[in-house]
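Descriptive analysis of the structure
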Amino acid sequence: MSERVAGRALPLRVLPVTALAGATRALGGGGGRHLIERHARVYRRTWLVLASGVAEPLFYLFSIGIGIGKLVGSVKVGGATVPYTTFVAPALLATSSMNGAIFDSTFNVFFRLKYAKLYDAVLATPMRSGDVALGEIGWALIRGALYACAFLVVMLAMGLLRSPWSAAALPAALLTGFAFAAAGMAATTFMRSWQDFEYVTLVSVPLFLFSATFYPLSVYPRAVQILVQCTPLYQAVALMRGLVLGAGGPALLWHVAYLLIMGAAGLYVAGRRVSRLLLT
Amino acid sequence: MPDDSPLIRARGLVKRFGTFTAVDGIDFELRRGEAFGFLGPNGAGKSSTMRMIGCVSPPTAGELTILGLDSVRDGAAIRARLGVVPQEDTLDVELTVRENLYVYGRYFGLPRAVISERAAALLDFVQLADRAGDQVEPLSGGMKRRLTIARSLINAPDILLLDEPTTGLDPQARHVVWDRLFRLKRQGVTLVLTTHYMDEAEQLCDRLVVMDGGRIAAQGTPRGLIGEYSTPEVLELRFDPADHDAAADKLTAVPATRREVLADRILLYVPDGDATLAQVRALGLDPLTSLVRRSTLEDVFLRLTGRQLGE
Ligand SMILES: Nc1ncnc2c1ncn2[C@@H]1O[C@H](COP(=O)(O)OP(=O)(O)O)[C@@H](O)[C@H]1O
Ligand SMILES: [Mg+2]
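Just so it is clear, the model here is predicted, and its values are computed rather than measured.

Structural notes on the overall build of chain B
Of the regular secondary structure elements, chain B holds eleven helices and 14 strands. Taken over the C-alpha atoms alone, chain B extends approximately 75 × 45 × 35 Å along its principal axes. Considering chain B as a whole, with its 311 residues, one finds that 53% of them fall into the buried category. In chain B, the share of contacts with a sequence separation of at least 24, taken over all contacts with a separation of at least 6, comes to 68%. For chain B, the computed accessible surface area is about 13,200 Å², with 50% contributed by carbon and sulfur atoms. In chain B, the 38 positive side-chain charges and the 44 negative ones have mean positions that sit 5 Å from each other.

Looking at the interface of chain A and chain B
With 23 residues of chain A at the contact, the number on the chain B side is 27 residues. A buried area of about 2,200 Å², summed over both sides, lies between chain A and chain B, and 54% of it is on carbon and sulfur atoms. Summed over the shared surface of chain A and chain B, the number is six salt bridges. The salt bridge involving A:Glu37 is made with B:Arg112; its shortest N-O contact spans 3.7 Å. For the pair chain A and chain B, the number of links is 14 residue pairs in polar contact (both at pLDDT 80 or more). For the side of chain A that touches chain B, the element with the most residues is helix H2 (residues 32–45) of chain A, which contributes eight residues. Per-class residue counts for the side of chain A that touches chain B are twelve nonpolar, three polar and eight charged.

Concerning the confidence of the model for chain A
Considering every residue of chain A, the mean pLDDT works out to 88; 90% of them sit at 70 or more. Long-range and interchain partners of residues 1–17 of chain A, a stretch whose pLDDT sits below 50, account for three contacts in this model, where long-range means more than four residues apart.

Focus: the coordination of the magnesium ion (ligand 2)
Residue and element names in this part refer to chain B. Surrounding the magnesium ion (ligand 2) are the protein donor atoms Ser-47 (OG) and Gln-87 (OE1), which sit 2.0 to 2.1 Å from the metal. Residue Ser-47 is found in helix H1 (residues 46–53), and its partner Gln-87 is found in the loop between strand S6 (82–85) and helix H3 (97–107); the two are separated by 40 residues along the sequence. The partly exposed category is assigned to Ser-47, whose relative accessible area is 22%. Among the residues examined, Gln-87 registers a relative accessible area of 33% and is labelled partly exposed.

Some words on the sheet that holds strand S3 (residues 35–39) of chain B
All names here are of chain B. Across the sheet, six strands lie side by side as S6-S7-S8-S3-S9-S10; this open sheet has mixed pairing. This sheet does not close on itself; its edge strands, each paired only once, are S6 and strand S10 (215–220). The sheet shows a mean angle of 15 degrees between the axes of neighbouring strands, direction not considered. Two strands pair when backbone bridges link them, and strand S9 (residues 207–212) and S10 are joined in this way by five bridges, in the antiparallel orientation. Within the sheet, the bridge partner assigned to Val-210 lies in S10 and is Ala-218. Helix-sheet contacts for helix H5 (residues 141–152) involve S6 and strand S7 (159–163), and the interaxial angle to S6 is about 165 degrees.

Remarks on the side chain of B:Glu34
All names here are of chain B. The topology assignment puts Glu-34 in the loop between strand S2 (20–30) and S3. The class of Glu-34 is buried, set by a relative accessible area of 10%. Within polar-contact distance, the side chain of Glu-34 engages the backbone nitrogen of Arg-31 at 2.8 Å. At 2.9 Å, the side chain of Glu-34 and the side chain of Arg-207 are in polar contact. Glu-34 has contacts with Glu-29, Val-189, Thr-190, Leu-191, Asp-206 and Arg-207, leaving out every residue within four places of it along the chain.

Definitions and limits used
- Residues numbered from 1 in each chain as written.
- Chains lettered and ligands numbered in written order.
- Predicted model: local features only at pLDDT ≥ 70, side-chain atom pairs only at ≥ 80, totals over all residues.
- Heavy atoms only, no water.
- Helix = DSSP H or I, 4+ residues; strand = E, 2+ residues; numbered from the N terminus.
- Buried < 20%, exposed > 50% of the residue type's maximum accessible area, 1.4 Å probe, protein only.
- Contact = heavy atoms within 4.5 Å.
- Areas by Shrake-Rupley, 256 points an atom, 1.4 Å probe, with all protein chains shown as cover.
- Lys, Arg positive; Asp, Glu negative; His and termini not counted.
- Charge placed at Lys NZ, Arg CZ, Asp CG, Glu CD.
- Buried area = accessible area lost by both parts, 1.4 Å probe.
- Salt bridge = Lys/Arg side-chain N within 4 Å of Asp/Glu carboxyl O.
- Polar contact = N/O pair within 3.5 Å; in protein donor to acceptor, adjacent residues only side chain to side chain.
- Nonpolar A, V, L, I, M, F, W, Y, C, P; charged D, E, K, R; others polar.
- pLDDT = per-residue confidence, 0-100.
- Donors = N, O, S within 2.8 Å, 3.2 Å for Na, K, Ca; no water.
- Pairing = 2+ DSSP bridges.
- Axes fitted to C-alpha atoms, helices over the stretch in contact; angles between N-to-C directions.

Right, here's the structure in full:
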């Protein structure tokens, strides 16, 4: 009898843990750091790529933030009026986190998967497909952190960080990177040729342009607003803007949850698909 | 694990890709310290078998135990103790020669100091020490193969898997690779290799299986297989293409254990090739060329499958 009770009660408490342990055993994860170490070695020689990753979002900030900012003046957002540069900077940070993560997790991963046969070599060792997924996404995050730090330093110097909550901007940038890197890698495992990368552009460019990045969501009619609110970059922009401007409150946690779920789902799919493709 | 238990044990091992059966229920066992070979033509199922042993391809059916562990459940633990030289090199072209060993060792979670020490010794062993700092891409095919072999040894594996270690190499490069594999064998490393070169199988393997169409046609030692499936000597005769068929008919009068009429040659399997050649001449036949040679695994394969290995 007591055994039956235990047998019933146990799963409730233990199930998520054992399921997680089971998933780690099958897919791995911890070995991802070795893949990161490999990438770090390669990029020591190609630091120029890193430098351009730092510079690009800053070009946007100077051109759109300062240039267009001069024309536009200020924007009304959530009842407050802020200078346009202040308004657009957090969105550019979120966008650059997305772009960096997508670049790393699509082009680079596709090359390693189909041409360099890197993962074939990796999976012949004790590493598992989950290590590959986590390693790639981890690496995208490390690069993303570097870019975001540089961007935040410039924002700080320009007085664009309005709220103490800005301290959370870096973790928010990483969360954005995680969500898009995981989704990007998952999508990449379905791609058959370089031509399929047109889809990446087809998705990321409208996200960049229409996610209330350059103007407030209130510009759109109600139906379009709802549509935009469902898309991931809007979530990241709203989170970042909320933190930097100190507006939004606990509702920001919804954005966090959205991005977390997106990243977790992407990570899972990416690991599974790497198994499907290579462990045949 | 007791020392006499097999390192690899396969029972009824099957691999299917969709409806196509690449490996069709094979059994074999491998003991510590032996060099074991899969000899067979392209498409025989050698790589499919090797990938299952390497725990990167789940068997469709059957049992596969490696180092006493289950190949599916304990894949990572098994891979930690295997060295793998895949059919196609998977060297990291974004890294230098030395870094290839270093990074690969890290995939096994080996400490940096251990890897550095081993990498230096392994680069010496495969004669690539002077290329340690070079990129991989400019290396010759033979050098890449040797680097892959060095890489596969970084974790001091219990079993070394080599899938067609010398396919695509020129004769000189092949001999360098063979020489290195001989040395490993003498050091007591357990080798599993696949090949479609009968000379490679004959020279390197203590024991081998002849594979064809996903099945094992025969297994034994190279000498044993030749003794069982062929005669000590073979007389190879080549005639003018115009006379080829007529000569083949006439030759049925010459006593032979077995006769193979190939497109370009006629093979007579006999105990004494010179004596048989005299009989051929006595019949009034005058071959363009004649050759008396020992039987090889090629002859075993021909006998077992009716085809030549290269076909
Ligand atoms: N991933 C795969 N999908 C479909 N068929 C495959 C796959 N891998 C191998 N095969 C087929 O299985 C057969 C055996 O292949 P393989 O094991 O590579 O033979 P070998 O190494 O002896 O040349 C071949 O006919 C090959 O086309
Ligand atoms: Mg093969």
